[in-house]
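Coordinate inspection notes
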Amino acid sequence: MMWLKRTMGLAGVFGLGLAALAGNGAQAQEPDRIFDKSTVWRPLTPNDKLVVYGIDDPAVAGVACWYTQPEKGGIKGTLGLAEDVSDISLACRQVGPVQFKDKFKQGEVVFSERRSLIFKSMQIVRGCDVKRNTLIYMVYSDKVIQGSPKNSTSSVPLAPWGTEPPPKCGDFLKG
């Protein structure tokens, strides 16, 4: 179902000439679907669900994030026509030795996904708390016309892994 939503969402964006809204390529990574849990039973059509996805930070090896988002079932959900709600939770953790692949800007997009045919998107962005040597991740959902205050934040304090000392995230900030 998710591939149909994404396909229709992207087709709608390109069809209206809004390709610039798709972000800076942060959608290149396909999230791993970990599991789902039905929340609303619907006869003859798929149920509404909460779905847990996992992604690796494309610019920081050794850091992964998991987010949970609702997915609509029913006829609209099956056809990819339902607008998904903005309630998304996030947890990020160090899962190995941290290695920065490149410098990054505060608030840089790690992952982005369409949440409706045209106007709504979900984004995970990354920042660095230099004082505490901690990566900060925030997930939020927004609309082109009307913003959404729904968000969730997770932090990853950079810690030694084995005998390797942790890198300083501030050394990898642009500007």
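To start, this report covers the structure provided alongside it.

Rules used throughout
- Residues numbered from 1 in each chain as written.
- Predicted model: local features only at pLDDT ≥ 70, side-chain atom pairs only at ≥ 80, totals over all residues.
- Heavy atoms only, no water.
- Core = buried A, V, L, I, M, F, W, Y, C linked by side-chain atoms within 4.5 Å.
- Buried < 20%, exposed > 50% of the residue type's maximum accessible area, 1.4 Å probe, protein only.
- Helix = DSSP H or I, 4+ residues; strand = E, 2+ residues; numbered from the N terminus.
- Contact = heavy atoms within 4.5 Å.
- Patch = residues over 30% accessible without salt bridge, like charges linked within 9 Å, V, L, I, M, F, W, Y side chains within 5 Å.
- Areas by Shrake-Rupley, 256 points an atom, 1.4 Å probe, with all protein chains shown as cover.
- Salt bridge = Lys/Arg side-chain N within 4 Å of Asp/Glu carboxyl O.
- Phe/Tyr/Trp six-rings, centres within 6.5 Å; stacked < 30°, edge-to-face > 60°.
- Lys NZ or Arg CZ within 6 Å of the ring centre and 35° of its normal.
- Pairing = 2+ DSSP bridges.
- Axes fitted to C-alpha atoms, helices over the stretch in contact; angles between N-to-C directions.

Focus: the nonpolar core
If you look at soluble globular proteins, the nonpolar side chains tend to sit buried side by side. Judged by nonpolar contacts, the single largest core of 26 residues is most densely connected at Val60, Tyr67, Leu90, Phe100, Ile124, Leu135 and Tyr137. For this core, the elements supplying multiple residues, two or more each, are β2 (48-56), β3 (60-71), β4 (89-100), β5 (108-114), β6 (120-129) and β7 (134-143).

Remarks on the side chain of glutamine 123
Structurally, glutamine 123 is set in strand β6. Discounting residues that sit within four places of it in the chain, glutamine 123 has contacts with Val109, Phe111, Ser112, Met138, Val139, Tyr140 and Asp142.

A look at the environment of proline 58
Within the secondary structure, proline 58 sits in the loop between β2 and β3. In this structure, the C-alpha to C-alpha distance between proline 58 and aspartate 102, residues 44 residues apart in sequence, is 9.9 Å. Once you skip the residues sitting within four places of it in the chain, proline 58 turns out to touch Gln29, Lys101 and Val110.

Regarding a nonpolar patch on the surface
Residues Ile34, Phe35, Trp66 and Val95 make up a contiguous nonpolar surface patch of roughly 370 Å² in combined accessible area. With respect to the secondary-structure elements, tryptophan 66 resides in strand β3. Note on tryptophan 66: relative accessible area 32%, which makes it partly exposed.

Some points on the packing of aromatic side chains
The description of an aromatic ring pair rests on the distance of the ring centres and on the angle between the ring planes. Evaluated as defined, the whole model comprises four aromatic pairs. Centre to centre, the rings of tyrosine 53 and tyrosine 67 are 5.4 Å apart; their planes meet at 25°, and the pair counts as stacked. Linking tyrosine 53 in strand β2 with tyrosine 67 in strand β3, this pair joins segments that are 14 residues apart in sequence. On the basis of relative accessibility, which here comes to 0%, the residue tyrosine 67 falls in the buried class. Look at phenylalanine 100 and phenylalanine 172: their rings are 4.4 Å apart centre to centre, the planes differ by 15°, and that puts the pair in the stacked class. Here phenylalanine 100, found in strand β4, pairs with phenylalanine 172, found in the segment after β8 (151-157); they are 72 residues apart in sequence, far enough to count as distant. When its relative accessible area of 12% is taken as the criterion, phenylalanine 100 is described as buried. Classification of phenylalanine 172 by relative accessible area gives partly exposed; the value is 24%. Counting every residue linked through ring pairs, the aromatic cluster contains Tyr53, Tyr67 and Phe111. A cation over a ring is seen here: arginine 126 above phenylalanine 104, with NZ or CZ 4.7 Å from the ring centre.

Examining unusual backbone geometry
With a phi close to 45°, asparagine 133 is a non-glycine residue in the positive phi region. Tracing the sequence through the fold places asparagine 133 in the loop between β6 and β7.

A short note on the sheet that holds β4
Here four strands make up an open sheet; going across it, the order is β1-β2-β3-β4 and the pairing antiparallel. Each edge of the open sheet carries a strand with a single partner, namely β1 (32-40) and β4. Taken pair by pair, the neighbouring strands of this sheet meet at an average axis angle of 15°, ignoring direction. Here seven bridges tie β1 to β2, and the two strands are oriented antiparallel to one another. Following the sheet pairing, aspartate 32 is matched in β2 by glycine 54.

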